[in-house]
Amino acid sequence: MMELSMSLLLPLTFLLPLAGTLILSLSNGRLGECASATVGVTSMGLAAIVTVLIALQYIAEPQAYGVTLWRWISVEDFQPSIGLALDGLSLTMLGIITGVGFLIHLFAAWYMQGEEGITRFYAYMNLFVFSMVLLVLGDNLLLLFFGWEGVGLCSYLLIGYYYEHSANGWAAFKAFIVTRTGDVFLAIGMFLLFFELGTLDIAEILRRAPEVWAEGDPTVELAALLMLGGAVGKSAQLPLHTWLADAMAGPTPVSALIHAATMVTAGVYLIARMNGIFLLAPDILELTGIIGALTLLMAGFAALAQTDIKRVLAYSTMSQIGYMFLALGAGAFDAAIFHLMTHAFFKALLFLSAGAVIVSCHHEQDMRRLGGLWRQLPLAYAGFIVGGSALAALPLVSAGFYSKDEILWQQLASGHGGLLLAGMVGAFLTSLYTVRLIILTFHGKPKSDNARNAEAGRGLVHGVPLIVLAVLSTFLGAWIDPPLENLLPAPAEGEESWHLVLELVAAGVAIAGIAVAAWLYLRRRGWLAKHTSMGWGAWLWTFWNHAWGIDELYDRVLVKPYRGLVRILRRDVIDGACNLFAKLAWLLHQGLSRTQTGKLRFYATSMVAGATLILLALALMP
Amino acid sequence: MSGVPMEHGLVLAAMLFALGLAGLMFRRNMVFILMSLEIMLNSAGLAFIVGGTAWGQPEGQAMFLLVITLAAAEASVGLALLLQLNNRFKTLDTDAASRMRG
């Protein structure tokens with residue numbers, strides 16, 4: 001009975017968003033703004049309700065559920081199925097996707113009002129949720145990859161949503177191409193696993209891998225490295241992180257859903273899901289942690305020097321996912337997923353609050369032209385305060401503190417001193433840029449007419465998502481315990497007495513960061529402005545504003561040589577050889593078409609000549 | 001009949017054929033072209049008759065009947081074309097109808 005109803009509920013989680021997409025895209029523009037939003041939000045709401053039902057069943061009887069819908073293809077032993085698997089990990093992801101997704105869809109109804117093409121917007125958003133649900137529920141790598149590519153496509157479509165500006169189209173291109181680089185790695189990793197193990201079923205892979213490979217086997221290290229490449233591309237980690245900041249060209253709810261809460265964390269999910277492979281490759285796991293540490297530092301410094309609200313948040317997303325990679329590197333998979341969950345809450349809150357500010361200030365998102373908004377936009381201000389405190393891991397009251405503390409503790413417990421230090425520095429930076437963001441946006445004097453004439457958002461659609469996410473971003477959200485027991489490998493056990501010391505230090509760092517930033521931006525604004533506009537300060541500012549010049553580096557090293565190569569290859573030798581045949585055919589055509597004169601006598605003469613030639617040849621042949 | 005050797009008959013046929021062919025190649029007037037065609041057909045018919053007589057076979061005369069039928073059909077189609085040519089171009093010059101270069 002239980003099994004039967006699960007086999008009905010699980011497909012519904014992705015069929016409902018798919019139905020939304022189909023209704024919206026087949027309506028052919030006949031649905032109005034309100035109807036489109038209703039369809040988009042309702043399908044998500046139903047999916048969220050279904051998820052709640054699934055969660056209730058799972059809590060009543062925690063076990064792995066599997067549903068095989070149908071077989072994809074059948075070639076001898078290769079029989080990938082369209083199958084869904086539910087365990088604690090996918091349930092956590094599913095909850096984030098449908099729950100946070102529903103709130104963001106709801107908020108988008110307010111954010112997008114009066115915009116062109118709302119039907120298109122909701123069709124893409126629902127399609128995204130459909131792909132993302134398949135990604136986390138798929139019981140084999142093929143279905144996971146299908147979802148993985150689907151979310152990439154939706155990300156592309158939604159970044160380029162305002163397609164009238166060509167810059168947005170280029171941003172979408174960039175996101176698509178850069179993440180595709182990672183996807184190629186993932187695909188090759190998948191092929192390698194299939195080649196070695198003969199199956200794509202995830203549970204089967206994890207079961208067979210330790211039987212086939214010893215720890216540190218080069219093949220499994222290569223497979224893990226390739227999977228890591230995919231995760232790095234999707235989760236915007238060094239060196240494939242450059243797309244995320246530009247992806248902010250899309251509407252803000254898209255940034256909240258795709259580029260903060262769900263899609264960019266798919267890499268973390270992938271590594272946690274394939275934990276058995278990564279545990280067999282300790283070097284790659286170590287590399288994961290190092291990538292995370294480097295990214296969180298790089299993004300932290302870059303976030304300090306951004307002027308666009310959304311770009312600050314984008315870099316903070318990179319840095320928070322860096323923390324998740326840090327946790328994965330230490331083998332603390334559950335800590336990574338826990339931080340993934342709290343991050344989804346508070347980053348969605350921050351993005352939606354930023355969206356509220358942006359719409360209220362007539363689409364002004366440059367912090368240099370905002371300021372003094374806390375009186376006019378109390379709800380967005382509250383969202384920023386709660387979300388910002390969670391981002392900066394304010395001790396005890398915020399959700400971010402509990403998850404980040406867990407990650408830092410695991411670094412200490414597993415003996416990664418250097419990575420712990422990087423995490424601490426990153427925490428300090430996080431506090432700095434968070435306070436800077438809030439003070440520049442909400443305090444001081446309004447610096448433009450758009451900020452002076454801000455109109456606060458009204459209505460349930462605007463308020464409810466912000467309030468719910470704000471509640472989830474406090475310590476209440478940290479009470480949600482992802483059901484991950486006995487599912488992910490246990491992390492290292494450390495000396496418990498050090499845990500409290502570490503908590504105190506981490507709390508001290510966060511508070512110190514906040515205090516320093518508040519002192520700098522409230523009291524020493526003039527001093528700061530002077531030092532960032534000349535000499536070394538200005539140079540550093542530009543350097544961090546351009547995110548360590550990595551974009552320029554890629555432009556020089558990859559894009560420009562590639563374009564040069566293309567220009568050279570436009571007239572290459574091989575093309576010339578191929579065109580020779582075309583030229584020959586053209587010449588023959590020219591010659592033969594000249595014989596078509598239309599003169600009857602010429603034809604008769606040619607026939608006679610031809611016949612004579614043939615007869616002569618026959619006569620003279622031996 | 002048996003006094004005429006086969007070679008003479010065949011040479012006559014070849015000469016007639018050559019005359020017809022020359023007319024076909026060098027004449028521009030469609031009437032003469034059709035006449036040349038008739039001469040060529042008849043030369044072929046003559047060759048069949050000569051051959052059939054020389055070897056005492058009836059197929060030569062049967063083939064000649066076939067050739068005459070063919071010539072009649074050809075003439076009717078050719079004359080129809082000739083009338084059309086005259087109507088459209090007010091001339092019998094075949095080069096005038098070379099617009100399609102076909």
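Quick summary incoming for the structure in this document.

Analysis parameters
Residues numbered from 1 in each chain as written. Chains lettered and ligands numbered in written order. Predicted model: local features only at pLDDT ≥ 70, side-chain atom pairs only at ≥ 80, totals over all residues. Heavy atoms only, no water. Helix = DSSP H or I, 4+ residues; strand = E, 2+ residues; numbered from the N terminus. Rg over C-alpha atoms; globule rule 2.2 N^0.38 Å. Lys, Arg positive; Asp, Glu negative; His and termini not counted. Charge placed at Lys NZ, Arg CZ, Asp CG, Glu CD. 1 Å grid on protein atoms, 1.4 Å probe; cavity = no way out; pocket = protein on both sides within 12 Å on 5 of 7 lines; lining within 4 Å. Points joined across faces, edges and corners; volume = space filled by probe spheres on them. Nonpolar A, V, L, I, M, F, W, Y, C, P; charged D, E, K, R; others polar. Phe/Tyr/Trp six-rings, centres within 6.5 Å; stacked < 30°, edge-to-face > 60°. Buried < 20%, exposed > 50% of the residue type's maximum accessible area, 1.4 Å probe, protein only. Lys NZ or Arg CZ within 6 Å of the ring centre and 35° of its normal. Contact = heavy atoms within 4.5 Å. Buried area = accessible area lost by both parts, 1.4 Å probe. Salt bridge = Lys/Arg side-chain N within 4 Å of Asp/Glu carboxyl O. Expected span 1.5 Å × (residues − 1). Core = buried A, V, L, I, M, F, W, Y, C linked by side-chain atoms within 4.5 Å. Polar contact = N/O pair within 3.5 Å; in protein donor to acceptor, adjacent residues only side chain to side chain. Axes fitted to C-alpha atoms, helices over the stretch in contact; angles between N-to-C directions. Left-handed = near helix turned anticlockwise from the far one by under 90°.

**Description of the overall build of chain B**
Secondary structure summary: chain B contains three helices and zero strands in total. Counting helices and strands in the order they occur from the N terminus, chain B gives α-α-α. Relative to its length of 102 residues, chain B is extended, with a C-alpha radius of gyration of 17 Å against a globular reference of 13 Å. Projected onto its principal axes, the C-alpha coordinates of chain B cover approximately 50 × 25 × 20 Å. Of note, chain B has its 6 positive side-chain charges centred 21 Å away from the centre of its 6 negative side-chain charges.

**Concerning empty space enclosed by the protein**
Residue and element names in this part refer to chain A. Summed over all chains, the structure comprises three cavities of 30 Å³ or more. When its volume is computed, the largest cavity comes out at roughly 60 Å³. Around the largest cavity sit A392, A393, F401, K404, D405, L408, A427, A506 and A510, which together line it. Looking at the lining of the largest cavity, the elements that each hand over two or more residues are α17 (399-413) and α22 (496-523). By residue number, the principal contributor to the lining of the largest cavity is α17, which donates four residues. When the residues that make up the lining of the largest cavity are grouped by side-chain class, the tally is seven nonpolar, no polar and two charged. Volume-wise, the second largest cavity comes out at about 40 Å³.

**Details of the packing of aromatic side chains**
Any aromatic ring pair is given by two values, namely how distant the centres are and how the planes are angled relative to each other. In the structure shown here, the tally under the stated rule is 21 aromatic pairs over all chains. On the numbers, 5.5 Å between centres and 75 degrees between planes, the contact of A:F401 with A:Y402 is edge-to-face. Judged by its relative accessible area of 31%, A:Y402 falls in the partly exposed class. Directly above the ring of A:F176 sits A:R180, whose terminal nitrogen or CZ lies 4.0 Å from the centroid. The lysine or arginine in question, B:R27, covers the ring of B:F32, its NZ or CZ lying 4.2 Å from the ring centre.

**A few points about the interface of chain A and chain B**
At the junction of the two partners, chain A supplies 10 residues and chain B supplies 13 residues. Surface buried jointly by chain A and chain B totals about 990 Å² across both partners, of which 58% is contributed by carbon and sulfur atoms. Broken down residue by residue, the surface that chain A buries against chain B is led by A:L600, A:R601 and A:V608, which jointly contribute 48%. Across the contact surface, chain A and chain B share one salt bridge.

**Describing α17(A)**
Residues and elements named next belong to chain A. For α17, built from 15 residues, the straight-helix expectation of 21 Å at 1.5 Å per residue is met to within 8% by its first-to-last C-alpha distance of 21 Å. Where burial is concerned, most of α17 is hidden: 12 out of the 15 residues are buried. Of all the positions in α17, only A399, G400, F401, S403, K404, D405, I407, L408, W409, Q410, Q411 and A413 are classed as buried. Two residues or fewer past α17, G415 is found with a positive phi of approximately 80 degrees.

**Some thoughts on the nonpolar core**
Of all hydrophobic cores here, the largest spans 198 residues; its most connected members are A:L86, A:L141, A:L193, A:M274 and A:V357. Tallying contributions element by element places helix α15 (residues 333-360) of chain A first for this core, with 19 residues. If you look at the next biggest cluster of nonpolar residues, it comprises six residues, including A:A604, B:L21, B:M25 and B:M40.

**Things to note about the environment of A:P80**
Residue and element names in this part refer to chain A. Examined against the element boundaries, P80 turns out to sit in the loop between β1 (65-71) and β2 (81-86). Expressed as a C-alpha distance, the spacing of P80 and H462, which sit 382 residues apart in the sequence, is 44 Å. In this view, P80 contacts R71, W72, I73 and L142; residues no more than four positions away in its chain are not counted.

**Looking at the pattern of salt bridges**
Evaluated as defined, the whole model comprises 14 salt bridges over all chains. Across the pair A:R180 and A:E149 runs a salt bridge whose closest N-O atoms are separated by 2.5 Å. Placement of A:R180 in helix α6 (residues 166-197) and of A:E149 in helix α5 (residues 141-159) is noted, with a sequence separation of 31 residues between them. One salt bridge connects B:D95 with A:R601, and the closest N-O pair in it is separated by 2.7 Å. Taken together, the residues span two chains, with B:D95 in the segment after α3 (59-89) and A:R601 in helix α27 (residues 600-620). One salt-bridge network, in which partners are shared between bridges, spans A:K174, A:D246, A:R311 and A:D551.

**A short note on helix α4 (residues 118-137) of chain A**
The end-to-end C-alpha distance of α4(A), which contains 20 residues, comes to 28 Å, matching closely the 28 Å that a straight helix rising 1.5 Å per residue would cover. With 18 of 20 residues buried, α4(A) is to be regarded as a mostly interior element.

**As for the side chain of A:K347**
Residues and elements named next belong to chain A. Checked against the element boundaries, K347 lands in helix α15. Of the side chains with opposite charge, D308 comes closest to the buried, unpaired K347, at an N-O distance of 13 Å. Polar contacts involving the side chain of K347 include one to the side chain of S316, which spans 2.7 Å. When neighbours within four sequence positions are excluded, K347 is seen to be in contact with A260, L313, S316, T317, Q320 and L391.

**Considering the packing of helix α3 (residues 88-111) of chain A against helix α20 (residues 460-473) of chain A**
All names here are of chain A. Closest axis-to-axis distance for the α3/α20 pair is 7 Å, and the angle between their directions is 145 degrees. Crossing of α3 against α20: the hand is left-handed. Across the interface between the two elements, L103, L106, F107, A109 and W110 from α3 touch V461, H462, V464, P465, L466, V468 and L469 from α20. A per-class count over the contact of α3 with α20 returns 11 nonpolar, one polar and no charged.

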